[in-house]
Amino acid sequence: MADSIVTKTKQGWKLKAGFAVLVAGSAAMFWGLSTLREPMGFALTLLGMTTSLLAFAVTCLAVRCPSCGSKWLWVAVRSQHHKRWLHWLLQQRVCPHCGFDPEGKR
């Protein structure tokens, strides 16, 4: 990950934060599902699901090329196999859309 364009453009924290919120939202959703018969079970399920979906959407929109604005995470998730999208994203050294190189070696 150290050589990836995501890291070199200082956007790795966005991936980590988005994943953390996604995991927290998923945990809340499953906890709510397990307590669905209790008064707050449905609300917790709905809150967890909404949190997870928003975390995914915001992270997909936030990880982007500083030059052309290409949404790298969204491109990876949409165009790559479900088992390889993260690997593909972290392999990129330049922007796959415009060729932007964060080290200026363009």
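Our structure is the block above this text.
A few points on the structure. (Residues numbered from 1 in each chain as written. Predicted model: local features only at pLDDT ≥ 70, side-chain atom pairs only at ≥ 80, totals over all residues. Heavy atoms only, no water.)

**Details of the overall build of the chain**
Phase 1: Secondary structure summary: the chain contains 5 helices and 0 strands in total.
Phase 2: Reading the chain from its N end, one meets helices and strands in the order α-α-α-α-α.
Phase 3: Against the 2.2 N^0.38 benchmark of 13 Å for 106 residues, the chain shows a C-alpha radius of gyration of 17 Å, more extended than a compact globule.
Phase 4: Taken along its principal axes, the extent of the C-alpha atoms in the chain is 60 × 25 × 20 Å.
Phase 5: In the chain, which comprises 106 residues, the proportion classed as buried is 31%.
Phase 6: Pairs at least 24 residues apart make up 50% of the contacts formed inside the chain by residues separated by at least 6 positions.
Phase 7: As presented, the chain carries roughly 6900 Å² of accessible surface, and 66% of it is formed by carbon and sulfur atoms. (Helix = DSSP H or I, 4+ residues; strand = E, 2+ residues; numbered from the N terminus. Rg over C-alpha atoms; globule rule 2.2 N^0.38 Å. Buried < 20%, exposed > 50% of the residue type's maximum accessible area, 1.4 Å probe, protein only. Contact = heavy atoms within 4.5 Å. Areas by Shrake-Rupley, 256 points an atom, 1.4 Å probe, with all protein chains shown as cover.)

**Observations concerning the nonpolar core**
Phase 1: One finds Val6, Leu15, Val63, Trp72, Leu73 and Leu89 to be the most contacted residues of the largest nonpolar core, which totals 13 residues.
Phase 2: Mapped onto this core, the elements with two or more residues apiece are α1 (5-8), α4 (72-79) and α5 (85-91).
Phase 3: Apart from the residues lying within four places of it in its own chain, the contact partners of Trp72 are Ile5, Val6, Thr9, Gln11, Val63, Arg64, Cys65, Pro66, Trp88, Leu89, Cys95 and Pro96. (Core = buried A, V, L, I, M, F, W, Y, C linked by side-chain atoms within 4.5 Å.)

**Focus: the environment of Thr51**
Phase 1: Take Thr51: it is sitting in helix α3 (residues 41-62).
Phase 2: The class for Thr51 is partly exposed, based on a relative accessible area of 27%.
Phase 3: Along the sequence, Thr51 and Met29 sit 22 residues apart, while their C-alpha atoms lie 9.0 Å from each other.
Phase 4: Beyond its immediate sequence surroundings of up to four residues, Thr51 is in contact with Val21 and Gly25.
Phase 5: Among the polar contacts listed, one links the side chain of Thr51 to the backbone oxygen of Leu47, at a separation of 2.7 Å. (Polar contact = N/O pair within 3.5 Å; in protein donor to acceptor, adjacent residues only side chain to side chain.)

**Points about unusual backbone geometry**
Phase 1: Phi is positive for Lys10, close to 60°, though the residue is something other than glycine.
Phase 2: Tracing the sequence through the fold places Lys10 in the loop between α1 and α2 (12-34).
Phase 3: By relative accessible area, which is 67% here, Lys10 ends up exposed.

**Describing the packing of α3 against α4**
Phase 1: At a closest axis distance of 5 Å, the pairing of α3 and α4 adopts a crossing angle of 115°. Taken together, the axis directions place α3 and α4 in an arrangement best described as roughly perpendicular. On α4, the residues that touch Phe56, Thr59 and Cys60 of α3 are Leu73, Trp74 and Val77. (Axes fitted to C-alpha atoms, helices over the stretch in contact; angles between N-to-C directions. Parallel < 35°, antiparallel > 145°, perpendicular 65-115°, else oblique.)

Coordinates in, geometry out; function isn't part of it.
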